[in-house]
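The chain contents come next:
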Amino acid sequence: MNEPTTAMGYRRNVLDSREHVARRTPSKTPSGRAQALGLRGAVYAAAGLTFFVLLFLIGYILVRGIPYLTPSLFEWKYTSDNCSMMPAIVTTLKMTGLSLLIAIPISVFTAVYLVEYAKRGNRLVGLIRLTTETLSGIPSIVYGLFGLLFFVTQLGWGMSLAAGALTLAIMILPLIMRSTEEALLAVPDLYREASFGLGAGKLRTTFRIVLPSAMPGILAGIILAVGRVVGETAALMYTAGTATDAASGLLSSGRTLAVHMYCLSSEGLHTNQAYATAVVLLLIVLVMNTISALVARKLTKS
């Protein structure tokens, strides 16, 4: 008799607790369902509006620019008649590659130090993060003024590819560093513990286990940095100049596609060619993002 009594008492306690929870849990009232539907509708509306604005922007540029994509726009020599963008395309590729070559190693190694090697409570870590936040909030025109005063004037480089690339590298350092830091923090500690358990050291674990696992997030930050470099105008007008010829060396001047488009539109005489330049700029950014996504997918699978 003791066991059934105990079982019945246990069952009664469970039922009483369920009734107590049910009494405390609010029921789905019509007003609650209406509120949930309203919030869901607001989320869908915001997402749809964002997608519509993006499609409208891209479609408007394509409609206005594609009819003016003539062969003369891709001639190697710029003249006032053809308004060729080929020198600007070459300068854009050089500027992007050089700035990324400078910024990526510094920002990635800094993020590795902050996440993997720095001790907790280190004052240097707080100072680096404060500096990064400050740099990310500085307007690009201030970077351009700094590049003009230091690289162009103080160092005597003049309006050059090197001055523009170093200025852009300083601009994108915080962006790549913070995205790399977040990607490294997202890697589970189980990966590190398993590597240490197999006898691997700190350096080998970082570069053979942690970094490959965080590579998609790192590449996402690099993609954002590429978009900022390609679309930058204010800083480059003060540092790289607006020369119509392609930059042949590190100390030669040249204009990127964004600066080329700004110059054409500000003159007011070649607005159609400016729209055509915007189409090519969109295609270049799309190709770069696609290549980066493919590389990230391949690294993730491997």
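Remember, it's a predicted structure, so these values are computed and weren't measured experimentally.

Participant: Mind laying out the pattern of salt bridges, listing which residues take part and the relevant values?
Facilitator: For the coordinates displayed, the defined rule picks out eight salt bridges. Between Arg 129 and Glu 181 there is a salt bridge whose closest N-O contact spans 2.4 Å. A residue pair is termed long-range when its members are at least 10 positions apart, and Arg 129 in helix 4 (residues 123-136) and Glu 181 in helix 6 (residues 161-186) qualify at 52 residues. Assessed through its relative accessible area of 2%, Glu 181 is described here as buried. A salt bridge links Arg 178 to Glu 181; the nearest nitrogen and oxygen atoms lie 3.6 Å apart. Of the two residues, Arg 178 and Glu 181 are both situated in helix 6; the distance of three residues between them amounts to about one turn of the helix.

Participant: Describe the side chain of Ser 99, with residues and values.
Facilitator: Note on placement: Ser 99 falls in helix 3 (residues 86-117). By relative accessible area, which is 0% here, Ser 99 ends up buried. Ignoring sequence-local partners within four residues, the contact set of Ser 99 consists of Ala 165, Leu 168, Ala 169, Ile 172 and Val 229.

Participant: Go over the packing of helix 4 against helix 6, please, and point to the residues and values.
Facilitator: One way to put it is that helix 4 packs onto helix 6 with a least axis distance of 9 Å and a crossing angle of 130°. Considering the angle they form, helix 4 stands oblique to helix 6. As helix 4 runs across helix 6, the sense of the crossing is left-handed. For the pair helix 4 and helix 6, the contacting residues are Ile 128, Arg 129, Thr 132, Glu 133, Leu 135 and Ser 136 in the first and Pro 174, Met 177, Arg 178 and Glu 181 in the second. Residues belonging to the contact of helix 4 with helix 6 are distributed by class as follows: four nonpolar, two polar and four charged.

Participant: Please give an account of a nonpolar patch on the surface that cites residues and values.
Facilitator: The grouping of Leu 54, Leu 57, Ile 58, Leu 62, Ile 66, Leu 69, Phe 74 and Leu 282 at the surface amounts to a nonpolar patch, some 610 Å² of accessible area in total. Per-element tally for the nonpolar patch: the top contributor is helix 2 (residues 30-65), with four residues. Summarising the element assignment, Ile 66 is placed in the loop between helix 2 and helix 3.

Participant: Quick one: what's the story with the packing of helix 3 against helix 8 (residues 202-231), residue by residue and with numbers?
Facilitator: Between helix 3 and helix 8, the least distance of the axes is 9 Å, while the angle of their chain directions is 140°. Classified by the angle between their axes, helix 3 and helix 8 sit oblique to one another. In this structure, the crossing between helix 3 and helix 8 has a hand that is right-handed. The segment helix 3 lies against helix 8, with Thr 92, Thr 96, Ser 99, Leu 100, Ile 104, Val 108, Phe 109, Val 112, Glu 116 and Tyr 117 engaging Lys 202, Leu 203, Thr 206, Phe 207, Val 210, Leu 211, Ile 218, Ile 222, Ala 225, Val 226, Val 229 and Val 230. Within the contact of helix 3 with helix 8, the residues separate by chemical class into 16 nonpolar, four polar and two charged.

Participant: Residues and numbers for the packing of aromatic side chains, please.
Facilitator: Applying the stated criterion across every chain yields a total of eight aromatic pairs. Taking 5.7 Å as the distance between ring centres and 10° as the angle between the ring planes, the aromatic pair formed by Phe 146 and Phe 150 counts as stacked. With Phe 146 and Phe 150 both in helix 5 (residues 140-154) and four residues apart, this pair spans about one turn of that helix. Owing to a relative accessible area of 35%, Phe 150 belongs among the partly exposed residues under this scheme.

Participant: How would you summarise the environment of Glu 193 if you had to cite specific residues and measurements?
Facilitator: Note that Glu 193 resides in helix 7 (residues 189-197). A residue is classified by how much of its surface remains accessible, and Glu 193, at 52% relative accessible area, is exposed. Once the C-alpha coordinates of Glu 193 and Thr 205 are considered, the two residues, twelve residues apart in sequence, prove to be 9.3 Å apart.

Rules behind the numbers
- Along each chain, numbering runs from 1 in the same order as the chain's sequence is written.
- In view of the model being predicted, local features appear only for residues whose pLDDT reaches at least 70, and side-chain atom pairs are presented and counted only at 80 or more, with totals across whole chains, interfaces and linings using the full set of residues.
- As a rule here, side-chain values come from all non-hydrogen atoms in the structure, and water together with hydrogens is ignored.
- Any carboxyl oxygen of Asp or Glu that lies within 4 Å of a side-chain nitrogen of Lys or Arg is treated as forming a salt bridge with it.
- To qualify as a helix, a DSSP run of H or I must reach at least 4 residues; to qualify as a strand, a run of E must reach at least 2; elements of each kind are numbered from the N terminus.
- The buried label goes to any residue with under 20% of its type's maximum accessible area, the exposed label to any with over 50%, and the partly exposed label to all in between, with areas taken from a 1.4 Å probe on protein chains only.
- By definition in these notes, contact holds between two residues if any of their heavy atoms fall within 4.5 Å.
- Only C-alpha atoms enter the line fits that serve as axes; for helices the fit covers just the stretch in contact. Angles between N-to-C directions range over 0 to 180 degrees.
- An angle counts as roughly parallel when it lies under 35 degrees, as roughly antiparallel when it exceeds 145, as roughly perpendicular when it falls between 65 and 115, and as oblique in every other case.
- Helix crossings get a hand from a simple test, with the near helix turned counterclockwise from the far one by less than a right angle marking a left-handed crossing and a clockwise turn marking a right-handed one.
- Only Asp, Glu, Lys and Arg are considered charged, only Ala, Val, Leu, Ile, Met, Phe, Trp, Tyr, Cys and Pro nonpolar, and every remaining residue, Gly among them, polar.
- Patch construction takes residues with relative accessible area above 30% that form no salt bridge. Like charges are linked within 9 Å, and nonpolar side chains (Val, Leu, Ile, Met, Phe, Trp, Tyr) are linked within 5 Å.
- In short, Shrake-Rupley with a 1.4 Å probe defines the accessible areas, and a residue's cover is counted only from the protein chains shown.
- A pair of aromatic rings is counted whenever rings of Phe, Tyr or Trp (Trp by its six-membered ring) have centres within 6.5 Å, and the orientation is called stacked for planes under 30 degrees apart, edge-to-face for over 60 and tilted otherwise.

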